[in-house]
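A look at the structure
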Amino acid sequence: MKLTIHHLYADMMNLYGDRGNVISIRKRCEWRGIPVEVVDVGLGEGVKPTGCDIFLFGGGQDREQALLADDLSGSKGVDLRAIADDGGVILGVCGGYQLMGNSYETPDGEKLPGVGIFDLHTEPRNPDEERLIGNVLVRVRVPETGEEREIVGFENHGGRTRLGDTEPLGEVVAGFGNNGEDGTEGARRLHAYGTYLHGSLLPKNPWLTDQLILSALRRVDDDFDLEALDDAAERSAFASMASRMAGRR
Ligand code: GLN
């Protein structure tokens, strides 16, 4: 069994170390002897699922988002939506997350169409509003296990995301999240995840990395299980960040 990571617009959408998400998935698979291939999917290139896939769509500035919106609005966007509808594993961060919704309006008033994986839209900040910047702590309910978990990351966005008929990924414990007002962070539908958390997200939150890996592998083998890794260093980094954030809860 081989896992394929499809890195969407790898050279354009890679803010605040989002490439670390690719590295984290690859390493946690390699440590368990699971082969991984990374495929970069650039402008004009289609997505080609293999059956055991994770699609990663990192963050980028308005300029990059505008440059790729056309490319996404064609068959690539349709294919990605179909993959999400079918329970495929997709993670979008910040600028990528915004384009997984219905639309993203830039501060110049340009309305970029999104892929429509999530029923949400993103509005620009008003001139008197600040960008939403800083470390974030989010409480996430995990439907697979019924557990409550926390994730940490770093956000820096002007856009304010408003959820329609879509579940948030979690609730903000400290930081801003989707819009700094309603306490929601990110979105989740089946195995499609959107979040404002850079950081990189997955190295900081190894349980979430494993959840993405397991969901992808279970598409080919229902009984697949992941062997536990020694996450002592990751756990202590998480604990240190979570306690720094505790004062802001
Ligand atoms: N350009 C978007 C915003 O500022 C996304 C930025 C990002 O990906 N960090 O809202």
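Everything numeric in this text was worked out from a predicted model, so none of it was measured.

1. Concerning unusual backbone geometry
Residue Gly 199 is joined to Ser 200 through a cis peptide bond whose omega torsion reads 0°. Along the chain, Ser 200 falls in the loop between strand E14 (192–195) and helix H4 (201–204). Even without being glycine, Tyr 9 reaches a positive phi, approximately 50°. Tracing the backbone through its elements, the reader meets Tyr 9 in the loop between strand E1 (3–8) and helix H1 (19–30). Positive phi outside glycine occurs at Tyr 16, with the angle close to 45°. Following the sequence through the fold, Tyr 16 ends up in the loop between E1 and H1.

2. Points about the sheet that holds E14
The strand order across the open sheet formed by 6 strands is E2-E1-E3-E4-E14-E13, and the pairing between neighbours is mixed. With one partner strand each, in any of the chains shown, strand E2 (36–41) and strand E13 (187–189) form the two edges of the open sheet. Here the average twist between neighbouring strands, direction ignored, is 15°. Direction of pairing for strand E3 (residues 53–57) relative to strand E4 (residues 89–93): parallel, over a ladder of 4 bridges. Across the sheet, the residue bridging to Phe 57 is Gly 92, located in E4. Where H1 meets the sheet, it contacts E1, E2, E3 and E4, and its direction lies at approximately 175° from that of E1. Against the sheet, helix H2 (residues 62–85) contacts E1, E2, E3, E4, E13 and E14, and its axis sits at roughly 145° relative to E3.

3. Concerning the packing of H1 against helix H5 (residues 206–218)
It is at 10 Å that the axes of H1 and H5 come closest, and there the two elements cross at 75°. Between H1 and H5, the crossing angle belongs to the class labelled roughly perpendicular. Taken together, the residues of H5 that come into contact with H1 (itself represented by Ser 24, Ile 25, Arg 28 and Cys 29) are Pro 206, Thr 209, Asp 210 and Ile 213. Taken together, the residues of the contact of H1 with H5 break down into 4 nonpolar, 2 polar and 2 charged.

4. A few points about the side chain of Ser 200
Accessibility expressed as a relative area gives 11% for Ser 200, which makes it buried. Among the polar contacts made by the side chain of Ser 200, one reaches the main-chain carbonyl oxygen of Gly 17 at a distance of 2.3 Å. Filtering out sequence-adjacent residues up to four positions away, Ser 200 remains in contact with Tyr 16, Gly 17, Asp 18, Gly 20 and Asn 21.

Parameters and conventions
- For every chain, the first residue of its written sequence is number 1, and the numbers climb from 1 along that sequence.
- Given that this is a predicted model, residues contribute local features only at a pLDDT of at least 70 and side-chain atom pairs are listed and counted only at 80 or more, while totals for whole chains, interfaces and linings are drawn from all residues.
- Just so you know, side-chain values use all the structure's heavy atoms and leave hydrogens and water out.
- Counting from the N terminus, the helices are DSSP H or I runs at least four residues long and the strands are E runs at least two residues long.
- Here a strand pair is declared whenever DSSP counts at least two bridges between the two strands.
- Interaxial angles span 0 to 180 degrees and are taken between N-to-C directions of axes, which are lines fitted to C-alpha atoms, for helices over the stretch in contact.
- By the convention used here, residues are in contact when the closest approach between their heavy atoms is within 4.5 Å.
- Angular relationships are summarised with four words: roughly parallel below 35 degrees, roughly antiparallel beyond 145, roughly perpendicular across 65 to 115, and oblique for the angles in between.
- The residue classification treats Ala, Val, Leu, Ile, Met, Phe, Trp, Tyr, Cys and Pro as nonpolar and Asp, Glu, Lys and Arg as charged. All others, Gly included, are polar.
- Classification of residues uses two cut-offs on accessible area relative to the type maximum, computed with a 1.4 Å probe and protein chains only: under 20% is buried, over 50% is exposed, and between them is partly exposed.
- Counted as a polar contact is a pair of N or O atoms within 3.5 Å, where, for protein atoms, one must be capable of donating a hydrogen and the other of accepting one, and residues adjacent in sequence contribute only when both atoms are in side chains.

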